[in-house]
Amino acid sequence: MDDYVITVLSNIGMISFIALSAYLLLLTGEISFGQQAYFGLSAYAAGAATAMFQMPIWAGILVGACAAGIIAMVVGALTLQLSGLYFSVATLAFAEMARLILLIVEIQVEVDGEMVGPEGANGFHGIRWMFERDISLTEFMLLIYGLLALTVICLLLVERSRLGSVLRMLGSDDLLAEMQGLNTVRYRILAVGAAGVIAGVGGALYAHFTTYVEPQFFNVMLGVHALAYGLIGGLGTAFGPLIGVAIDVGFLEAIRFIQGYRMIVFGGLVAILLIFMPRGILDEERVHRLKAVFSRRNHARA
Amino acid sequence: MLALKKVEKRFGALAALDRIDLEVAAGEVLGLIGPNGSGKTTLLNTVTGVYPPSGGRISFQGADITGWRGHRIARLGIARTFQNIRLFPAMTVFQNVWASQHSRVSGGLLGLLRSRPTRRCADTRRVDEILELFGLLKDREVLAKNLPLPARRRLEVARALTTDPPLVFLDEPAGGMTPAETEDMARLIHEVVAPNRTCVVIEHKMALIAGVCTRICVLDFGRKIAEGLPGDVLADAKVREAYLGRDDAPDA
């Protein structure tokens, strides 16, 4: 595989994390325009861990994911009283606030005679873990997909368990869920935290893949895309947002030849898709029908 | 079992519940009737913690539950259905009942993660038993939104029973049903819901009320205007005036 293909595939993998993060919140009925903040904050935290404090990569990813999860839970607790549009606006405001803070943060430490650390608007250079360890792009891509597979497996296990039903209960009818004895507040904070962790893993990987992060990358467009992945691919299963990412990135790469028009074509396509499939390609009903087909086949075989 | 003392609920200047005193005794089937807007559903919402009362005390099995949040009240053992049928539409019939059992699962988050709807586990069997009782087992894998109305009403009642609550509120369980379907629902309430538990039924259909209730309480303009045995209450002059004195089409 040439480097271009590997880079595109790695980008698809890393973006998938933020797609899954937004998806988890969509399941619980919340539309967050702020998941890019956790992606970005984790990229900075993980970059700082490995580049400034010489931690190993796994510790960097852990630091980034935990930081993102904890901040997400704090923000979640503060915005708990808000629902629907108000929640969306609050998440957007928080994400922009986080981005603007990263624009002015300058903390640098000396590592091997060189200054390393976030440099405000100039971004955070020198996250060179990959070069220092002589890790190839292919190897890093495998790391990305390994962690992505792990995340997807976790989400699928959650969905098969009662916890998955609990999340869907929250998303479907808050009051009804509460009336079934569900502590909606607790599970909402839990979901927000888990979504932060998932976005955080992606952000930590991103920082080490590009060796350089800047606040500008974590703007609201990333958050909008993150939502679009789930809404295009479908909210019936964790594979939905992955399909969404593949369609989004793959389609945009495939129609590069029409240059400036491609975003227009793409926007139109998304609009049409959402009109005819409001909960995405793999929505609950299609997933349900697919499952029925599979279980019938298994019965026939048995 | 359930006791309301001077319970008030005001929405702005409107007193939806005006100092209601009400006792529900263990084992009875209490019919809660009254014209539209008389405060029946508000009373149910106040007791189940949808919103806190503006005044007064509510106690259940000796515990003061005034102002508690809904999930705690539900866990204590008060289940309910909804007048305008609330189901999880994108879940199957089975999942609707199964998911609502989660408060029976111990072990916190890990317990929830470990709990799966496998054929062998006791919870699954319990759900299937309840579905069978309500004639829903054949629709087990149908999405709730694709069910016809009488089946959706039955599913709501079935779901309310899944945690074995000592007290169940049914909010117009026969709303929108034909006489034959209403009769079927009355039979289910009498044979399945009422035994072994206390039941409060809000209903407009007198056939159902007279058929299943052991006692009746009448609300009008947020006040309790009568209470007693079905025969006496339905013959009461004030009750007849409240019902017949103005247009009162059942809001089915």
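Since the structure is predicted, the reported quantities are computational estimates derived from the model, not experimental observations. (Residues numbered from 1 in each chain as written. Chains lettered and ligands numbered in written order. Predicted model: local features only at pLDDT ≥ 70, side-chain atom pairs only at ≥ 80, totals over all residues.)

With that out of the way, let us pick up the environment of leucine 227 of chain A. All names here are of chain A. In this structure, leucine 227 sits in helix α10 (residues 220-233). Residues leucine 227 and isoleucine 31 lie 196 residues apart in sequence; the distance between their C-alpha atoms is 7.6 Å. The contact partners of leucine 227, leaving out residues within four places of it in the chain, are Ala22 and Ile31. (Helix = DSSP H or I, 4+ residues; strand = E, 2+ residues; numbered from the N terminus. Contact = placed C-beta atoms within 7 Å.)

Moving on, we come to the packing of helix α1 (residues 3-27) of chain A against helix α6 (residues 137-160) of chain A. Between two packed helices, the angle of one axis relative to the other and the distance separating the axes together describe the packing. All names here are of chain A. Between α1 and α6, the shortest axis-to-axis distance is 10 Å and the interhelical angle comes to 25 degrees. The pairing of α1 with α6 is recorded here as roughly parallel in orientation. Where α1 crosses over α6, the handedness of that crossing is left-handed. Across the interface between the two elements, Asp3, Ile6, Leu9, Ser10, Gly13, Met14, Ser16, Phe17 and Leu20 of α1 pack against Leu137, Thr138, Phe140, Met141, Ile144, Tyr145, Leu148, Thr151 and Leu155 of α6. Taken together, the residues of the contact of α1 with α6 sort by class into twelve nonpolar, five polar and one charged. (Axes fitted to C-alpha atoms, helices over the stretch in contact; angles between N-to-C directions. Parallel < 35°, antiparallel > 145°, perpendicular 65-115°, else oblique. Left-handed = near helix turned anticlockwise from the far one by under 90°. Nonpolar A, V, L, I, M, F, W, Y, C, P; charged D, E, K, R; others polar.)

Counting residues in each nonpolar core, the largest one holds 150 residues, and the members touching the most others are Ala19 of chain A together with Val201 of chain B. When residues in this core are grouped by element, the largest group, 14 residues, is from helix α9 (residues 184-210) of chain A. Counting the residues that make up this core, at least three belong to each of domain 1 (1-76 + 198-252) and domain 2 (78-164) of chain B. If sequence neighbours within four positions are ignored, alanine 19 of chain A has contacts with Ala226, Tyr229, Gly230, Pro241, Leu242, Gly244 and Val245 of chain A. (Core = buried A, V, L, I, M, F, W, Y, C linked by C-beta atoms within 7 Å. Buried ≥ 20, exposed ≤ 12 C-beta atoms within 10 Å, placed from the backbone. Domains from an automatic or database assignment.)

Turning to the sheet that holds strand β3 (residues 124-125) of chain A, a few remarks are in order. Residue and element names in this part refer to chain A. Judged by pairing direction, the sheet is antiparallel, and its three strands sit side by side in the order β1-β2-β3 without closing on themselves. Strand pairing shows two members of the sheet lacking a second neighbour, β1 (109-111) and β3, which therefore form its edges. Across three bridges, β1 lies against strand β2 (residues 114-118) in antiparallel orientation. Pairing of valine 109 across the sheet is with valine 116, part of β2. Here helix α2 (residues 35-52) sits on the sheet and contacts β1, β2 and β3; the angle it forms with β2, its principal contact strand, is near 160 degrees. (Pairing = 2+ DSSP bridges.)

Before going further, it helps to examine the interface of chain B and chain A. At the interface, 28 residues of chain B touch 24 residues of chain A. With four residues, helix α2 (residues 70-76) of chain B is the single largest residue contributor to the side of chain B that touches chain A. Among the residues making up the side of chain B that touches chain A, the classes are represented as twelve nonpolar, ten polar and six charged.

With that out of the way, let us pick up unusual backbone geometry. Residues and elements named next belong to chain A. Of note in this structure, threonine 211 is not a glycine but carries a positive phi near 65 degrees. By secondary structure assignment, the location of threonine 211 is in the loop between α9 and α10. Take threonine 211: there are 16 C-beta atoms within 10 Å of it, and that puts it in the partly exposed class.

All names here are of chain B. One ladder, built from five bridges, connects strand β9 (residues 215-220) with strand β10 (residues 223-228); its direction is antiparallel. Bridging from a neighbouring strand, valine 218 pairs with alanine 226 of β10. The hairpin turn running from β9 into β10, its antiparallel successor, is two residues long, and phenylalanine 221 in that turn takes a positive phi close to 50 degrees.

Residue and element names in this part refer to chain A. Mapped onto the elements of the fold, proline 241 is located in helix α11 (residues 239-254). Overall, the presence of 34 C-beta atoms within 10 Å leaves proline 241 in the buried class. Between the C-alpha atom of proline 241 and that of glycine 60, which follows or precedes it by 181 residues, the distance is 26 Å.

All names here are of chain A. Interaxial distance between α10 and α11 falls to 7 Å at its minimum, and their mutual angle equals 110 degrees. On the basis of the axis angle, α10 is roughly perpendicular to α11. Relative to α11, the crossing made by α10 is right-handed. Contacts between α10 and α11 involve His225, Ala228, Tyr229, Gly230, Ile232 and Gly233 from the former and Gly240, Pro241, Leu242, Ile243, Gly244, Val245, Ile247 and Asp248 from the latter. Split into classes, the residues belonging to the contact of α10 with α11 amount to eight nonpolar, five polar and one charged.

This part is about the confidence of the model for chain B. Residue and element names in this part refer to chain B. Confidence along chain B averages 90 in pLDDT terms, with 96% of residues attaining 70 or more. Element-level mean pLDDT values for chain B span from 78 in helix α10 (residues 237-244) up to 96 in strand β7 (residues 167-171). Among the scores for the predicted complex, ipTM is 0.89 and pTM is 0.89. (pLDDT = per-residue confidence, 0-100.)

Okay, the sheet that holds β10 of chain B next. Residue and element names in this part refer to chain B. With respect to topology, six strands assemble into an open sheet ordered β6-β7-β8-β3-β9-β10, the strand pairing being mixed. Edge positions in the sheet fall to β6 (78-80) and β10, since each of these pairs with one other strand and no more. The sheet shows a mean angle of 20 degrees between the axes of neighbouring strands, direction not considered. By the bridge criterion, three bridges tie β6 to β7 in an arrangement that is parallel. Within β7, the position partnered with arginine 80 by the bridge is phenylalanine 169.

Turning our attention to the environment of phenylalanine 251 of chain A. Tracing the backbone through its elements, the reader meets phenylalanine 251 of chain A in helix α11. Sequence separation between phenylalanine 251 of chain A and methionine 263 of chain A is twelve residues; the distance between their C-alpha atoms is 10 Å.

With that settled, the discussion passes to the domain arrangement of chain B. Residue and element names in this part refer to chain B. Each assigned domain of chain B is listed with its residue range as follows: domain 1 (1-76 + 198-252) and domain 2 (78-164). On a C-alpha basis, the centroid separation for the pair domain 1 and domain 2 is 27 Å. Each partner contributes to the interface: domain 1 provides nine residues, whereas domain 2 provides five residues. When contributions to the side of domain 1 that touches domain 2 are tallied by element, the ones reaching two or more residues are α1 (40-47) and α2. Among the elements that take part in the side of domain 1 that touches domain 2, α2 stands out by supplying four residues, more than any other.

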